[in-house]
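# Structural features, examined
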Amino acid sequence: MNPISRPPKRILLATDLSARGDRALDRAAQLSRQWGAELVIVHAIDRKLESLSDLANPLPSWRRSPVPEMNIQKQIRRDLREEVDHLKILIGEGDPARVILDTAAREGCEMMVLGMAQEDISGRMPLGSTVEHLVRKSPMSVLVVKNRPNGPYRHILVGTDFTEESRYGLECAAGSFAGSRFALMHAFEMPYRALLSDTTLSQEFAAMERATITEFLRDAALPAQVREGIRTMIEHGPPGLMLRRYVEEQHADLTVIGAYGRGFLFHLLMGGNTPRIVDSVPSDVLLVRAHRPGATSPDE
């Protein structure tokens, strides 16, 4: 059994200074205080986009700053609701995704905190292109913040497909949020469910499912209070739908998924026509990045 995981010691917050970004800022600051972690805030200035914006909507003279970086620093510090003991604010120039990834690597950050894009006309909050790129490419764990924080996370839902990376996701969440209430869900669609209409066969299959999730938990390195209080569930249905329904009905405020760069759950999270968990689950979502032995990048 592996040692119990510890919380990150250095958190990176990527901010575009938008109003919705305040939610991610508040959550990153709250986690920094909770864990005693250093908070590194990075903002990327894309001169190409700024030039296009200035042509379309030129700024009045009193808003043109000779040192925009100073104004950005002041805005970030003003937007922080409470003081953070260990704070570093960095401003880079260039493509936002590249600036953020380079800063995270250079500063040795262990977790990245991102905010969602603005709501669309349907009321949804889709991933913006930069956020989606970072979720796909980040070699470290990524927390996507959707909701305004109201204290520490209290109710955490962990999705599992019984793989090592999903166990790692559970262990990291348990080590970082040991005071929270935990639920563990394995959800999958059964293509031949009619075959289980026989009562005996159905009971045998259910017993096998219970044994599997029990074994999965037994082999996980968990704090005692998490192991004793965790709720386990096996649901037959699309994973994204089952996770979303639990969050909506049981009011979980964080959903955790552990995945290699291109593991099964990563494709559920990000890929193709499958419902995207980051988009569909209304809670904040933490993608815990496990590293496949021998892999050199999150794409492997």
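Residues numbered from 1 in each chain as written. Predicted model: local features only at pLDDT ≥ 70, side-chain atom pairs only at ≥ 80, totals over all residues. Heavy atoms only, no water.

Now for the overall build of the protein. On a plain count of helices and strands, the protein comes out with eleven helices and ten strands. Out of the 300 residues in the protein, the part that is buried amounts to 47%. Within the protein, contacts between residues separated by at least 24 positions form 80% of all contacts whose residues are at least 6 apart in sequence. A total accessible area of about 15,400 Å² is found for the protein, and carbon and sulfur atoms account for 51% of it. (Helix = DSSP H or I, 4+ residues; strand = E, 2+ residues; numbered from the N terminus. Buried < 20%, exposed > 50% of the residue type's maximum accessible area, 1.4 Å probe, protein only. Contact = heavy atoms within 4.5 Å. Areas by Shrake-Rupley, 256 points an atom, 1.4 Å probe, with all protein chains shown as cover.)

By secondary structure assignment, the location of proline 149 is in the loop between strand 5 (141-145) and strand 6 (155-159). Sequence-wise, proline 149 and glutamine 30 are 119 residues apart; in three dimensions their C-alpha atoms are separated by 8.1 Å. In contact with proline 149, other than residues within four places in its own chain, are Arg23, Asp26 and Arg27.

Looking now at the pattern of salt bridges. A pair can form between side chains of opposite charge whenever their charged atoms are brought close. Scanning all chains against the criterion turns up twelve salt bridges. The shortest N-O distance in the salt bridge between aspartate 284 and arginine 27 comes to 4.0 Å. Here aspartate 284 is found in strand 10 (residues 284-289), whereas its partner arginine 27 is found in helix 1 (residues 21-35), with 257 residues between them in sequence. Of the two residues, aspartate 284 and arginine 27, neither departs from the other in class, the shared state being buried. Across the salt bridge formed by glutamate 82 and arginine 33, the nearest N and O atoms sit 3.8 Å from each other. Highlighted residues: glutamate 82 in the loop between helix 3 (68-79) and strand 3 (87-93) and arginine 33 in helix 1, separated in sequence by 49 residues. (Salt bridge = Lys/Arg side-chain N within 4 Å of Asp/Glu carboxyl O.)

The next thing to look at is empty space enclosed by the protein. Remark: the empty space left among the atoms is shown by a probe the size of a water molecule rolled over them. Under the defined criterion, the tally for this structure stands at two cavities of 30 Å³ or more. Of the voids in this model, the second largest cavity is the one considered here, and its volume is about 40 Å³. Contributing to the lining of the second largest cavity are Leu13, Thr15, Leu17, Ser18, Gly21, Asp22, Leu25, Ile76 and Asp79. Secondary-structure elements contributing two or more residues to the lining of the second largest cavity are helix 1 and helix 3. With three residues, the single largest contributor to the lining of the second largest cavity is helix 1. (1 Å grid on protein atoms, 1.4 Å probe; cavity = no way out; pocket = protein on both sides within 12 Å on 5 of 7 lines; lining within 4 Å. Points joined across faces, edges and corners; volume = space filled by probe spheres on them.)

The next thing to look at is the nonpolar core. Val113, Leu143, Leu170, Phe177 and Phe182 are the most contacted members of the largest nonpolar core, which totals 42 residues. Ranked by residue count, the leading element in this core is helix 1, at six residues. Ignoring sequence-local partners within four residues, the contact set of leucine 170 consists of Val158, Leu184, Phe216, Leu217, Ala220, Leu222 and Ile230. Of all hydrophobic cores here, the second largest spans 37 residues; its members include Met116, Val142, Met185 and Ile277. (Core = buried A, V, L, I, M, F, W, Y, C linked by side-chain atoms within 4.5 Å.)

The terminal C-alpha atoms of helix 1 lie 21 Å apart, and with 15 residues this matches the ideal 21 Å at 1.5 Å per residue to within 8%. Across the 15 residues of helix 1, eleven count as buried, placing the element largely inside the fold. Among the residues of helix 1, Gly21, Ala24, Leu25, Asp26, Arg27, Ala28, Ala29, Gln30, Leu31, Ser32 and Trp35 are the ones counted as buried. Of the residues trailing helix 1, glycine 36 is marked for its positive phi of about 65 degrees. (Expected span 1.5 Å × (residues − 1).)

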